Amino acid sequence: MQYLPIFVQLTDKPVLVVGGGSVALRKAGTLLSAGAKLIVVAPEFAAEFIAWQQQGKAELIHGYFVPSLLDNKLLVIAATNSDRVNAAVYKAATARNMLVNTVDDQAKCGFIFPAIIDRSPILIAISSFGTAPVLARRLREKLEALLPQHLGTLAQLVGGFRSKVKAKFTSFAARRQFWEGVFNSAVVREVQANQLDKAEQHLQQLLNAPQQLSGEVYIVGAGPGDPELLTLKALQLMQQADVVVYDYLVSPQIIELVRRDAEKICVGKKAGEHSVPQQDTNQLLIDLALSGKKVCRLKGGDPFIFGRGGEEIQALVPHKIAFQVVPGITAAAGCAAYAGIPLTHRDHAQSVQFVTGHCKSEGSEPEWLSMSKANQTLVIYMGLMKAGHIQQQLIRAGRSGETLVAIIENGTRLEQRIVSGQLQDLAQLVQQHQISSPALLVIGDVVSLQQDLHWFGQRPQPAVLNQPAVFSQATVFNQKLSQMA
Ligand code: SAH
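In this text, all values refer to a predicted model and were calculated from it rather than measured experimentally.

(A) Geometry of the sheet that holds strand 1 (residues 14-18). Taken in spatial order, the five strands line up as 3-2-1-4-5 in an open sheet, and their pairing is parallel. The open sheet has two free edges, formed respectively by strand 3 (58-62) and strand 5 (99-102), since each of these has just one partner strand. Each strand axis lies, on average, 20° off the axis of its neighbour in the sheet, ignoring direction. The pairing of strand 2 (residues 37-42) with strand 3 spans five bridges and is classified as parallel. Within strand 3, the residue paired with Ile-39 across the bridge is Glu-59. Contacting strand 1, strand 4 (75-78) and strand 5, helix 3 (residues 83-95) crosses the sheet at an angle of about 165° to strand 5.

(B) Up close: the UniProt feature "domain: Sirohaem synthase dimerisation" (unreviewed entry) in the chain. According to UniProt, the feature "domain: Sirohaem synthase dimerisation" (unreviewed entry) maps to residues 150-207 in the numbering used here. With 81% helix and 0% strand, the stretch residues 150-207 has end C-alpha atoms that lie 22 Å from each other.

(C) Seen up close, unusual backbone geometry. Ser-120 connects to Pro-121 through a cis peptide bond whose omega is 5°. Backbone torsion omega between Ser-437 and Pro-438 reads 0°, so that peptide bond is classified as cis. A positive phi is found at Asn-375, a non-glycine position, where the angle reads about 60°. Tracing the sequence through the fold places Asn-375 in the loop between strand 13 (351-356) and strand 14 (376-381). The backbone phi angle of Asn-410 is positive, close to 55°, even though this residue is not glycine. Tracing the sequence through the fold places Asn-410 in the loop between strand 15 (404-409) and strand 16 (417-422). Owing to a relative accessible area of 12%, Asn-410 belongs among the buried residues under this scheme.

(D) Broad picture of the site of the ligand. Within the structure, the ligand sits among 20 residues, and Asp-302, Ile-305, Thr-330, Ala-331 and Ala-439 are positioned closest to it. Between an oxygen atom of the ligand and a main-chain N or O atom of Ala-331, the distance comes to 2.8 Å. Gly-411 places a main-chain nitrogen or oxygen 2.8 Å from a nitrogen atom of the ligand. Coverage of the ligand by the protein chains reaches 94% of its 550 Å² of free accessible surface. Counting only elements with at least two residues in the shell around the ligand, the list comes to helix 14 (331-339) and strand 17 (439-443). Within the shell around the ligand, the residues separate by chemical class into twelve nonpolar, six polar and two charged. Here the shell around the ligand gathers at least three residues from each of two domains, domain 3 (216-329) and domain 4 (332-484).

Definitions and limits used
Residues numbered from 1 in each chain as written. Predicted model: local features only at pLDDT ≥ 70, side-chain atom pairs only at ≥ 80, totals over all residues. Heavy atoms only, no water. Pairing = 2+ DSSP bridges. Helix = DSSP H or I, 4+ residues; strand = E, 2+ residues; numbered from the N terminus. Axes fitted to C-alpha atoms, helices over the stretch in contact; angles between N-to-C directions. Contact = heavy atoms within 4.5 Å. UniProt positions renumbered as here; feature names shortened; annotations may be inferred. Buried < 20%, exposed > 50% of the residue type's maximum accessible area, 1.4 Å probe, protein only. Near = heavy atom within 4 Å. Polar contact = N/O pair within 3.5 Å; in protein donor to acceptor, adjacent residues only side chain to side chain. Areas by Shrake-Rupley, 256 points an atom, 1.4 Å probe, with all protein chains shown as cover. Nonpolar A, V, L, I, M, F, W, Y, C, P; charged D, E, K, R; others polar. Domains from an automatic or database assignment.

If you want it as structure tokens, here you go:
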């Protein structure tokens, strides 16, 4: 170890900063956030320094560095734009055995500033000791994303209980076991949900009666497929869970991000294929949670949009199983963005409807009439098998057969494929291009925009159908595009 990482208590401790420009300002800001008493010497100062002086946060000395300024200071920062002055500060400080940091000159540093991740009172410091600052910064960004914001609050809460726990459990092993239980309990989720009173009560209960800690369920939206569209919270919970219960829409790349040693259970739900009945999935979640497991129920897109997230929670509630819900990017938003089709556009669509092509009971139908008006975009989930019916019903309800449609297969994934054409050819397009699930239907004038706004994957081709009659429809499509252009 070339350096020793230590955390220095700086509250009200005098620190000298030599320099009044932007570099000095950055260091001074860090020192102030640690509560240091700043004394800054420079011939002139950036505006922020003046403001800090007015707020009583810094003492400014207009002038040049002289060694006597080091008297009674704990640390010194040389942050001028003159190597000569910085060298003089370094020399004078080391002669007094003081710790000095010379900005951008590691050879003249008795101490260095690490990259900091601040979840006070949890602090993480990272440094490559000047060898690879960009790598250190990237590492910090990665950790920043992984470490939940509530970590500091959690540490603060448990900090308040430390002495009580110490009094109750005399052995170190018993204390450790207690804390492990707390960090596996719903207390963490309650802090995360900003229910601090509840978390405190819960912690007190656990202390009064240490018991078998109960499990919980996270209903998590995994987005449409591209793993980078996961939310930070989804990733954190995927890393925390003991078991992950997922369905077929969750892409393999996303499953790879689940904690390595977590159990993974697939309850595939591909329309028309064998899948675990919803009742059984509900029961599985209940059983796992009641056995004390933290269960991540990972769902494609958003759990509350055609995702049966509501039904699963309804099943948990009577068992008093704790849960939380993490929204995900729904297929409509994800696929439209990656296809270059804005779902609304002031010139083309003033509203958008998300519709399911697959109703719970046979015979129940969406409200086709409400979808018949032009100037609205329809996004149809699970519409592939019923493409012919959808086409027929929409046209019967009054939507023009020439309305543009896009069929987006595997949206946001590397295999994304888009076929566009007209509503009157929808079923034929699905069949001819052998579109397979998952696929989303986008219907409305906004589809015309993809020719210009396309940015991801293959450039979309207007449909070219086999039969001569349909060839001309592709031409109609092109004509319509040029009219709109
Ligand atoms: N809860 C999910 C939807 C589940 S219903 C969400 O919010 O996105 C399943 C349907 O979603 C599929 O039949 C398909 O129509 C659509 N879908 C989901 N992911 C998709 C993707 N990557 N590409 C195209 N369609 C997708």
